[in-house]
Amino acid sequence: MKLQLQHLDRIWLMLMLVLGSALSLALTSSLFELTVFLSGILCVTLIAIGRREGYLIGIYACLSYAVLAYSNGLFGEVYLNLYFFIPTNLFGYWLWHQHSKDNAAVAMRKLTTKTRLIILLSCVLGTYGLGSVLAMNAEQNSPYIDALTNVLSVAATFLMMWRFKEQWLLYIAINVVSILMWLLRAMDGGAAGDLMVLMWSLYLLNSLFGYWRWHIGEQQQRSIADSGNTASETSV
């Protein structure tokens, strides 16, 4: 089963790269937009298959995306990427390095029901609070949608660093909301709005795969742990 998953991981990585490259070459109007698109796709795909290298690619992806978000008046996205995602990419790489081997996926876990409910309530309250603050900026577009993607992104990032599969449920929600946000910007003539709609659509596809992949990975880790406990009890 482990070898089959590794083979599937390679296929998924190649599929996303080919699809992302084809779309970016057809739709991007500059080399910068091309790098934003491809670095983002590569980053999230590597994370979906549990590879820590995704964090390193993510540093450039966050920096370039912040520049694009700034030109579209999405300041919450700018602050989030510059002051949160870039530092957590570095920290996340270090954390995953402690729980993975070379050429292997990171160890995967799941949350308890109580913790899921606490995270859900925190996201609701955080979205309302941040949205109220962003709405004070007269140049801010879609303050509560921007706030929702920011709050969910922060929660998902911590779950990702701590290797919980539920990160992908939040990323699915983030991607749906982000598609809506960039669709509104595209309709208003925002810079690269149509490209961002496609990019976030690919992110959504990847997050669906990511949840399935991490669900299988977490079950494998639990099975290995249970086998180890059984072996220890038997030896005693």
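Structure: see above.
Residues numbered from 1 in each chain as written. Predicted model: local features only at pLDDT ≥ 70, side-chain atom pairs only at ≥ 80, totals over all residues. Heavy atoms only, no water.

Undergrad: Is there a simple way to explain unusual backbone geometry in this structure?
TA: For residues besides glycine, phi is generally negative; the peptide bonds are generally trans as well. With phi around 70°, Arg163 is a residue other than glycine that occupies positive phi space. Of note, Arg163 is situated in the loop between helix H6 (143–161) and helix H7 (167–187). (Helix = DSSP H or I, 4+ residues; strand = E, 2+ residues; numbered from the N terminus.)

Undergrad: Even after reading the chapter, I still don't get the environment of Ile119, so can you show me in this structure?
TA: Within the secondary structure, Ile119 sits in helix H5 (residues 113–134). It is 9.5 Å that separates the C-alpha atoms of Ile119 and Leu152, two residues lying 33 residues apart in sequence. Leave out the neighbours within four places in its chain, and Ile119 touches Leu111, Ala155 and Leu159. (Contact = heavy atoms within 4.5 Å.)

Undergrad: Got a minute to help me understand the nonpolar core in this structure?
TA: The nonpolar side chains of a soluble globular protein tend to be buried with one another. If you look at the biggest cluster of nonpolar residues, it comprises 47 residues, and the most contacted ones within it are Ile41, Tyr65, Trp96, Trp182, Met196, Met199 and Trp200. Sorting the residues of this core by element identifies helix H1 (2–27), helix H2 (31–48), helix H3 (53–71), helix H4 (75–98), H5, H6, H7 and helix H8 (193–235) as the ones contributing at least two each. For this core, the element with the most residues is H8, which contributes nine residues. Cys62, Leu80, Phe84 and Phe85 belong to the second-largest nonpolar core, a separate cluster that totals five residues. (Core = buried A, V, L, I, M, F, W, Y, C linked by side-chain atoms within 4.5 Å. Buried < 20%, exposed > 50% of the residue type's maximum accessible area, 1.4 Å probe, protein only.)

Undergrad: I would appreciate a short explanation of the packing of H4 against H6 in the present structure.
TA: Each packed pair of helices is defined by two parameters, the angle between the axes and the distance between the axes. Direction vectors running N to C along H4 and H6 enclose 5°, while the axes themselves pass 10 Å from each other. Between H4 and H6, the angle is such that the two are roughly parallel. Taking contact as the criterion, the partners of Phe75, Gly76, Glu77, Leu80, Phe84, Phe85, Thr88, Phe91, Gly92, Leu95 and Trp96 in H4 are, on H6, Asp146, Thr149, Asn150, Ser153, Val154, Thr157, Phe158, Met160 and Met161. Residue composition of the contact of H4 with H6, grouped by class: 11 nonpolar, seven polar and two charged. (Axes fitted to C-alpha atoms, helices over the stretch in contact; angles between N-to-C directions. Parallel < 35°, antiparallel > 145°, perpendicular 65-115°, else oblique. Nonpolar A, V, L, I, M, F, W, Y, C, P; charged D, E, K, R; others polar.)

Undergrad: Teacher, can you tell me more about the pattern of salt bridges here?
TA: When the charged atoms of two side chains lie near each other, side chains of opposite charge can form a pair. A full pass over the atoms with the stated rule returns five salt bridges. Among the salt bridges present, the one from Lys165 reaches Glu218, with a minimum N-O distance of 3.9 Å. With Lys165 in the loop between H6 and H7 and Glu218 in helix H8, this residue pair connects regions lying 53 residues apart in the sequence. Note on Lys165: relative accessible area 5%, which makes it buried. Relative accessible area serves as the criterion here: at 4%, Glu218 is assigned to the buried category. In this structure, Glu218 engages Arg222 in a salt bridge whose closest nitrogen and oxygen atoms are separated by 2.8 Å. With Glu218 and Arg222 both in helix H8 and four residues apart, this pair spans about one turn of that helix. (Salt bridge = Lys/Arg side-chain N within 4 Å of Asp/Glu carboxyl O.)

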